[in-house]
Amino acid sequence: MTSTATPSDILAAIKAVCGDEKSPLVLHEPLFSGNEGDYVKSCIDDGWVSSVGAFVDRFEKDIAAFCGAPHAVVTVNGTCAIHAALTALGVGAGDEVLIPSLSFVATANAVVHAGAIPHFVDVEEISLGIDPRALNAYLKEIAVIKDGQTINKTTNRPIKVLMPVHVFGHPCQMDKLAQIAQEWNLSIVEDATEALGSTAQQTPVGKNHMAVFSFNGNKIITTGGGGAIVTQDEQLHHRIKHLTTTAKQPHKWAFYHDEVAFNYRMPNLNAALGCAQLEKLPEYITAKRALAKKYIDIFSKLSGVTIMQEPENTRSNYWLVTLLADTATDTWLEETLTHLHEHKVFCRPIWQPIHTLPMYSKNPSAPLPRTTDLAKRIINLPSSVCLGQKYV
Ligand SMILES: *Cc1c(COP(=O)(O)O)cnc(C)c1O
């Protein structure tokens, strides 16, 4: 029986991958090595810096094309994009939305912004996404379909949407989740904020179902702040565009707005950055996959820990490389992170499960044994694109 690698073993392995040149080693830094400067400067030169402009139109077209979907709407950030997507689907007060508790808090916040109630479900270890088998068993136990609408028997509220999250870029088992959603008449919104460029069953994330992306500074490509909704449905596309642009009816000069809506438009300056970043995305994904491979090689020599690999039948963008301990004591995470931070290697744990945060502690929830266990065993390692370039 071998013991778990010590914090100094883990530090040494990270240094073996990342080298000594960079200190501190951060989790994820952006890289601007293409047309970013030229495109942003052209906005300033033309005066088109704000919420309309050629780069906004182009970025929407480019994102949709990249995902193989017909439509995209770009927004100020990913949280607003999820909010708009849910609202466009008719989600509102008194509705429940199924989400994993093991996600960034914005997933739940966006549901609340839409007026609805996050209902937490458990995840699986291979993808860190919603566990299809547990979800299916849970729905059979707690839900019933009445007049075509799935109702939570305990709360008597409609369950409207299933929102899988592709954690750290690894796609969940979307084929199985989509089948469950179909059986229970649930709409799907994929929180794909971390998974731009990942594919599942040879299909790009965003091609088959409505998906939301984020271009925050820490994501695989960035617009400073930004988000997008990608959809296959022309009507939903119009609805989302309308909702995110203050519900203004197009007219040369008149200000006629037909409902209370949002100003969630992405400014042209940010879209200019996005167009340049998207040109580089295939190259960035190659670098990140090479970095992950190097981590996998080096860490395979350590005992009791592994680097998480892309689930079968998927191709991950490896947004954040993830170290998983086989088992962990209650102090493992704290001790390891303390040691790494002392040596200026700024690794992070996975999020504290959302259902344990004060504002969500009374929400409806499935049993969450995997979520609770995994949260103690995960550390994200330095994953910047620049670190992977030397391994391409
Ligand atoms: C980044 C992120 C979001 C929110 O995106 P913002 O652009 O920061 O609003 C939502 N969900 C997950 C899982 C994320 O990682």
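In this report, the structure presented in the accompanying data block is examined. (Residues numbered from 1 in each chain as written. Predicted model: local features only at pLDDT ≥ 70, side-chain atom pairs only at ≥ 80, totals over all residues. Heavy atoms only, no water.)

A few points about the pairing of strand β6 (residues 159-162)
Strand direction decides the pairing type here: strand β2 (residues 96-100) and β6, joined by three bridges, are parallel. Each residue of the ladder has a partner; that of Glu 96, found in β6, is Ile 159. Relative to strand β7 (residues 187-191), β6 runs parallel, the two being bridged by two bridges. Residue pairing for β7: Leu 162 is matched across the bridge by Ile 188. Handedness of the crossover joining β6 and β7 through helix α7 (residues 174-183): right-handed. (Pairing = 2+ DSSP bridges. Helix = DSSP H or I, 4+ residues; strand = E, 2+ residues; numbered from the N terminus. Right-handed = clockwise from strand over helix to strand, strands pointing away.)

A closer look at the environment of Ala 200
Relative to the helices and strands, Ala 200 resides in strand β8 (residues 199-200). In this structure Ala 200 comes out as buried when scored by relative accessible area, which is 8%. With sequence-adjacent residues up to four places away left out, Ala 200 is seen in contact with Pro 171, Asn 313 and Thr 314. (Buried < 20%, exposed > 50% of the residue type's maximum accessible area, 1.4 Å probe, protein only. Contact = heavy atoms within 4.5 Å.)

Here's the deal with the site of the ligand
The immediate surroundings of the ligand are formed by 14 residues, with Gly 78, Thr 79, Glu 194, Ser 214 and Lys 219 found nearest. Separating an oxygen atom of the ligand from a side-chain N or O atom of Thr 79 is a distance of 2.5 Å. Taking Asp 191, its side chain carries an N or O atom lying 2.9 Å from a nitrogen atom of the ligand. In the complex, 93% of the free accessible area of the ligand, which totals 380 Å², lies under the protein chains. A molecule is said to occupy a pocket when more than half its atoms come within 2 Å of that pocket's grid points, and by this definition the ligand occupies the largest pocket. Elements that contribute at least two residues to the shell around the ligand include exactly α4 (78-88) and α5 (105-113). Looking at the shell around the ligand, its residues break down into three nonpolar, eight polar and three charged. (Near = heavy atom within 4 Å. Polar contact = N/O pair within 3.5 Å; in protein donor to acceptor, adjacent residues only side chain to side chain. Areas by Shrake-Rupley, 256 points an atom, 1.4 Å probe, with all protein chains shown as cover. 1 Å grid on protein atoms, 1.4 Å probe; cavity = no way out; pocket = protein on both sides within 12 Å on 5 of 7 lines; lining within 4 Å. Sits in = over half its atoms within 2 Å of the grid points. Nonpolar A, V, L, I, M, F, W, Y, C, P; charged D, E, K, R; others polar.)

Brief notes about the sheet that holds strand β13 (residues 314-315)
Taking strand neighbours across the sheet as the criterion, the three strands line up as β9-β8-β13 in an open arrangement whose pairing is antiparallel. Edge strands, defined here as strands with exactly one partner in the open sheet, are β9 (203-204) and β13.

Some thoughts on the sheet that holds β6
Spatial ordering of the open sheet is given by β1-β11-β10-β7-β6-β2-β3, a layout of seven strands whose pairing is mixed. Because the sheet does not close on itself, it has two edges, and the strands there are β1 (71-75) and β3 (117-121). The sheet shows a mean angle of 30° between the axes of neighbouring strands, taken without regard to direction. Helix α3 (residues 54-67) rests against β1, β10 (210-214) and β11 (227-231) of the sheet, and its axis sits at about 130° to β1. (Axes fitted to C-alpha atoms, helices over the stretch in contact; angles between N-to-C directions.)

As for the state of the cysteines
The term disulfide refers to a covalent linkage connecting the sulfur atoms of a pair of cysteines. Scanning the entire structure with this criterion turns up zero disulfides. Summary of cysteine pairing: Cys 172 is not part of a disulfide, and the nearest cysteine sulfur, belonging to Cys 67, is at 15 Å. (Disulfide = S-S within 2.5 Å.)

Here we look at the nonpolar core
Counting residues in hydrophobic clusters, the biggest one holds 49 residues, and the most contacted among them are Phe 59, Ile 63, Phe 168, Leu 196, Phe 213, Phe 215 and Ile 350. Counting residues per element, this core draws most heavily on helix α9 (residues 268-299), which supplies nine residues. Residues Met 210, Val 212, Ile 240 and Ile 354 belong to the second largest nonpolar core, which totals 32 residues. (Core = buried A, V, L, I, M, F, W, Y, C linked by side-chain atoms within 4.5 Å.)

As for α4
Within α4, nine of the 11 residues are buried, which leaves the element mostly enclosed by the surrounding structure. What α4 keeps buried is the set Gly 78, Cys 80, Ala 81, Ile 82, His 83, Ala 84, Ala 85, Leu 86 and Ala 88. A side-chain oxygen of the first residue of α4 lies 3.1 Å from the backbone nitrogen of Thr 79; this N-cap is Asn 77. With its phi angle positive at about 85°, Gly 90 sits one or two positions after the end of α4.

Re the layout of surface pockets
Its boundaries defined by the atoms lining it, the largest pocket holds a volume of some 510 Å³. Around the largest pocket sit 28 residues that line it, and Phe 104, Asn 218, Lys 219, Trp 319 and Trp 351 are the ones nearest its centre. Going through the elements one at a time, α4, α5 and β15 (348-349) are the ones with two or more residues in the lining of the largest pocket. Looking at the lining of the largest pocket element by element, the count peaks at three residues for α4. Residues of the lining of the largest pocket, tallied by class, amount to 11 nonpolar, 13 polar and four charged. By volume, the second largest pocket amounts to about 360 Å³. Lining of the second largest pocket is provided by 18 residues; of these, Val 52, Lys 241, Thr 245, Lys 248 and Arg 265 occupy positions nearest its centre. Residue assignment for the lining of the second largest pocket shows that the elements contributing at least two residues are α3, β1 and α8 (234-244). Of the residues assigned to the lining of the second largest pocket, the class counts are five nonpolar, eight polar and five charged. (Points joined across faces, edges and corners; volume = space filled by probe spheres on them.)

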